[in-house]
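Listed here are the chains, written in short residue letters.
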Amino acid sequence: MTFWELAGFQELVLRPAASIECMVFNEQGIPVTQGTVRLEDASRMFRRLPAPEPATLGKDGRAQVGPLFPGVYRLTTQGTGYADDEQIVAHDAGQVRIVLKLQPVLKGQLLDAESRQPVAGARVRATTSDGKLPRGYTVSDPHGGFAIALGSETSLLLYAGNREKCLPTGWQQIQVDPISGKSITLELVQAATVSGRA
């Protein structure tokens, strides 16, 4: 008897597709209402499990993700203003409580050193203090403001400038305090007077 002949005698039992309910809070226990959760196959088998569509967090900080095939998934949660959270879950985990930590952000403003007016549209780049790993890139807004998400570093190399102006030293080392969230002010000078890297 072949496999297919044997399979014809088996009783096929259909079960409801599994799903995971995510409950997302911040460190104070308040629901995080802006963000998404998504699941991706985390198994190391030869087959890849289909990934369900990402789900948007509701007003109560909850989101239902599914349907799921039996297996192991990587659950990634992203919330506005918070650091991403990743964990491994099984398809039948049921309810999963997730606590997001605030994403440290370096905020600042770019000013023209002579006119004291905001500098809009300037590039702002940050790297680790040794200059090897990029840590963020953005462009200053119409008010000269910028914001770059931080990791755990307390010291960064920062570059800011456009075609006409940049920092007096090109790249500038700054000390950051991820907890206080204090804003910094950087003054830009004529690019022709700059010495150092660009």
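Residues numbered from 1 in each chain as written. Predicted model: local features only at pLDDT ≥ 70, side-chain atom pairs only at ≥ 80, totals over all residues. Heavy atoms only, no water.

Some remarks on the pairing of strand β8 (residues 105-112)
For β8 and strand β11 (residues 145-149), the ladder comprises 5 bridges, and the chain directions are antiparallel. By the bridge assignment, Gly 108 is partnered in β11 with Phe 146. (Pairing = 2+ DSSP bridges. Helix = DSSP H or I, 4+ residues; strand = E, 2+ residues; numbered from the N terminus.)

Here we look at the nonpolar core
Val 37, Leu 39 and Leu 75 are the most contacted members of the largest nonpolar core, which totals 20 residues. Mapped onto this core, the elements with two or more residues apiece are β1 (18-26), β2 (35-41), β4 (62-68), β5 (72-79) and β7 (95-100). Among residues more than four places away in sequence, those in contact with Leu 75 are Cys 22, Val 37, Arg 38, Leu 39, Asp 85, Glu 86, Gln 87, Val 89, Val 96 and Ile 98. Grouped together as the second largest cluster of nonpolar side chains are 18 residues, Ala 126, Phe 146, Leu 156 and Val 176 included. (Core = buried A, V, L, I, M, F, W, Y, C linked by side-chain atoms within 4.5 Å. Buried < 20%, exposed > 50% of the residue type's maximum accessible area, 1.4 Å probe, protein only. Contact = heavy atoms within 4.5 Å.)

Structural notes on the environment of Val 189
Its location among the elements puts Val 189 in strand β14 (residues 184-190). Taking relative accessible area as the criterion, Val 189 reaches 22% and is therefore assigned partly exposed. Considering only alpha carbons, one finds Val 189 and Gly 170, 19 residues apart in sequence, at a separation of 10.0 Å.

Observations regarding the pairing of β1
Along β1, 8 of the 9 residues are buried, which leaves the element largely enclosed by surrounding structure. Direction of pairing for β1 relative to β4: antiparallel, over a ladder of 5 bridges. Within β4, the residue paired with Glu 21 across the bridge is Gln 64. With 6 bridges connecting them, β1 and β7 associate as parallel partners.

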